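Listed here are the chains, written in short residue letters.
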Amino acid sequence: MNACPVQFDPLAPEQLADPYPVYSQLRADRPVFHDAEHDLWIVSRYEDVMIVVREPETYSSENAVRASTQPWPRPVLDTLARGWPLSPTLTDSDGDVHRRLRLLVSRAFTPKRIADMEDTIRRAVDELIDAFVSDGCADIIERFAWPLPMMAITAILGVPREDVPRLHRWSYNWLRLMQATDPVGELVACAEDVVAMQRYFMDALEQRAGGEGTDLMSGLLGAGVAGSEALTMIEAMRVPMNLIIAGHVTVTRAIGNGLVTLLSASDQLAAVQQDPERIPTMVEEILRFESPAQGLFRTVRTDTTLAGVHIPAGARVMVHWASGNRDENVFERADVFDVTRNSANAHLAFGKGSHACLGAPLARLQLKVAIPRLFERLPRLQVAAGEASAVRDTIFFARGFKKLAMEWDVPVAAART
Ligand code: HEM
């Protein structure tokens, strides 16, 4: 066999900066590629991604968010043992366990509950912008892109606004634990935060038990439905953790990615500003073009073959939403950002199949409100000069910016219009 022409290293700075040429090579030359260094099998073509998500019996969701193939070091396991088992959650369960959890959680996480959030989200967007509009510059990730989704989720859960900063820190450290590339001491600190988060939600649920609250956590403590037993306290505690982790960093990343993408395609930004009807397709295109969840993980249950490649039982597969979203066989001119493209039903940014994103309507609502409002209230918004202004995060399966220093002209009346 010829030496492999593909240099795939998800942690390499050049790949973090622009992974798309490597994905394109993978799709063309090695659609199922074994990354020996991380012992991950990368599935990069759209059609193969669809096979993986449609065959959960072969491709299990166990450890779906765990990037590392190594077991956690003993001190990390000892720390986690002070809390409750992390699984099963919606994201990392299969079959009947997953079906039951999804049924019970969907009941509390209804489309109506999300639609009712629109005013809260609009107010939160303006409140956040009010706090920095007169400064003329800000790190938009720090001041806007992470607080907004946290404010939305905590409003749904019914937890106090003042807890947002620690919930943000805990959930980000949970992701670092999943990537597991930090030194052991730091991973132990991340594990301590995960246990603190478990305790926090256990307490919050205990306070609601037997009450008549209407927030999502109270709803989780309700009766079972359609022959499914109600959630236990531990199962219910994992739901807000799962929602915060799944629905926080992803939206943060999408806001940063969306701003930078629109600014580097000024004709597309102008097209949306001239015709706000294009906002929904703009949101879908941002998600397709720069998918915040680049890929998630599956564990192969039995020896299998995909695109002619043998994958052994026990292998860890990275099902690559972001590469599938650039597949020319599905999306014409896939590397072009085009706000008139309507790929809402086709793109993979929210996953597909039985695990498809439960929070997609909430994510779409936030992006649809937040991105246009930032451009509206911050005239001539642009990324600040200097290399240190836009810094990418190194969590490779969650693509986006850790810091995004931006500047704008301070409006004469720097107040809400
Ligand atoms: C732009 C923002 C978002 C993106 C790109 C995104 C992406 C995804 C993807 C790719 C999956 C599939 C996981 C898999 O197949 O292994 C997923 C699942 C999930 N997402 Fe999202 N998500 C976003 C926002 C949200 C929000 C706001 C919430 C809730 C607050 C949320 C909650 C969930 C949950 C609970 C699941 C697990 C569903 C299941 O396994 O049955 N997500 N998301």
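Residues numbered from 1 in each chain as written. Predicted model: local features only at pLDDT ≥ 70, side-chain atom pairs only at ≥ 80, totals over all residues. Heavy atoms only, no water.

Colleague: For this particular structure, what's the right way to read the layout of surface pockets?
Modeller: Over the atoms a probe the size of a water molecule is rolled, and this reveals where empty space is left. Of the voids in this model, the largest pocket is the one considered here, and its volume is about 270 Å³. Lining the largest pocket are 17 residues, with Leu86, Ser87, Asp92, Trp174 and Met178 positioned closest to its centre. When contributions to the lining of the largest pocket are tallied by element, the ones reaching two or more residues are helix H10 (164-179) and helix H13 (233-263). A total of 4 residues in the lining of the largest pocket trace back to one element, the largest contributor, which is H13. Across the lining of the largest pocket, the residue classes break down as 8 nonpolar, 6 polar and 3 charged. (1 Å grid on protein atoms, 1.4 Å probe; cavity = no way out; pocket = protein on both sides within 12 Å on 5 of 7 lines; lining within 4 Å. Points joined across faces, edges and corners; volume = space filled by probe spheres on them. Helix = DSSP H or I, 4+ residues; strand = E, 2+ residues; numbered from the N terminus. Nonpolar A, V, L, I, M, F, W, Y, C, P; charged D, E, K, R; others polar.)

Colleague: Could you clarify how one ought to interpret the site of the ligand in this entry?
Modeller: Around the ligand lies a shell of 26 residues, among which His98, Arg102, Arg298, His355 and Cys357 are the nearest. The contact in question runs from an oxygen atom of the ligand to an N or O atom on the side chain of histidine 98, over 2.7 Å. When atom positions are compared with the pocket grids, the ligand is found to occupy the largest cavity. Taken together, the elements giving at least two residues each to the shell around the ligand come down to helix H5 (95-108), H13, strand E5 (296-300) and helix H17 (360-377). Take the shell around the ligand: its biggest share by element is 5 residues, from H13. (Near = heavy atom within 4 Å. Polar contact = N/O pair within 3.5 Å; in protein donor to acceptor, adjacent residues only side chain to side chain. Sits in = over half its atoms within 2 Å of the grid points.)

Colleague: What should I look at first to understand the pattern of salt bridges in this one?
Modeller: It is possible for side chains of opposite charge to pair when their charged atoms get near one another. One pass over the full model with this rule turns up 25 salt bridges. Between glutamate 186 and arginine 176 there is a salt bridge; the shortest N-O distance is 2.8 Å. Note that glutamate 186 is positioned in helix H11 (residues 184-208) and arginine 176 in helix H10, a separation of 10 residues in sequence. Residue glutamate 186 is classed as partly exposed on the basis of its relative accessible area of 37%. For the salt bridge of arginine 333 with aspartate 338, the shortest nitrogen-to-oxygen distance reads 3.8 Å. Assessed through its relative accessible area of 47%, arginine 333 is described here as partly exposed. One continuous salt-bridge network, built from bridges that share partners, spans Asp126, Asp130, Arg373, Glu376 and Arg377. (Salt bridge = Lys/Arg side-chain N within 4 Å of Asp/Glu carboxyl O. Buried < 20%, exposed > 50% of the residue type's maximum accessible area, 1.4 Å probe, protein only.)

Colleague: Which parts of the structure should I look at to understand the coordination of the iron atom of the ligand?
Modeller: What the protein offers the iron atom of the ligand as a donor is a single atom, Cys357 (SG), at 2.3 Å. Inspection of the secondary structure assignment puts cysteine 357 in the loop between helix H16 (321-324) and H17. (Donors = N, O, S within 2.8 Å, 3.2 Å for Na, K, Ca; no water.)

Colleague: Hey, could you run me through unusual backbone geometry in this one?
Modeller: Looking along the chain, the bond that leaves serine 87 and enters proline 88 is cis, with omega of 0°. Turning to its location among the elements, proline 88 is positioned in the loop between helix H4 (74-80) and H5. Even without being glycine, aspartate 39 reaches a positive phi, approximately 50°. Tracing the backbone shows aspartate 39 in the loop between strand E1 (32-35) and strand E2 (40-43). At arginine 380, a position not held by glycine, the phi torsion is positive, near 55°. Arginine 380 sits in the exposed class, given a relative accessible area of 63%.

Colleague: I would appreciate a short explanation of empty space enclosed by the protein in the present structure.
Modeller: On inspection of all chains with the given rule, the structure shows 5 cavities of 30 Å³ or more. One number sums up the size of the largest cavity: a volume of about 860 Å³. Around the largest cavity, the lining comprises 42 residues; the ones closest to its centre are Ala246, Gly247, Thr250, Leu296 and Cys357. Among the elements of the structure, H5, helix H9 (147-157), H10, H13, E5 and H17 are those that each provide at least two residues to the lining of the largest cavity. Residues that form the lining of the largest cavity fall into these classes: 30 nonpolar, 9 polar and 3 charged. Empty space within the second largest cavity amounts to approximately 120 Å³. What lines the second largest cavity is a set of 15 residues, among which Pro10, Leu16, Tyr23, Gln294 and Phe396 lie closest to the centre. Partitioned by chemical class, the residues of the lining of the second largest cavity number 8 nonpolar, 4 polar and 3 charged.

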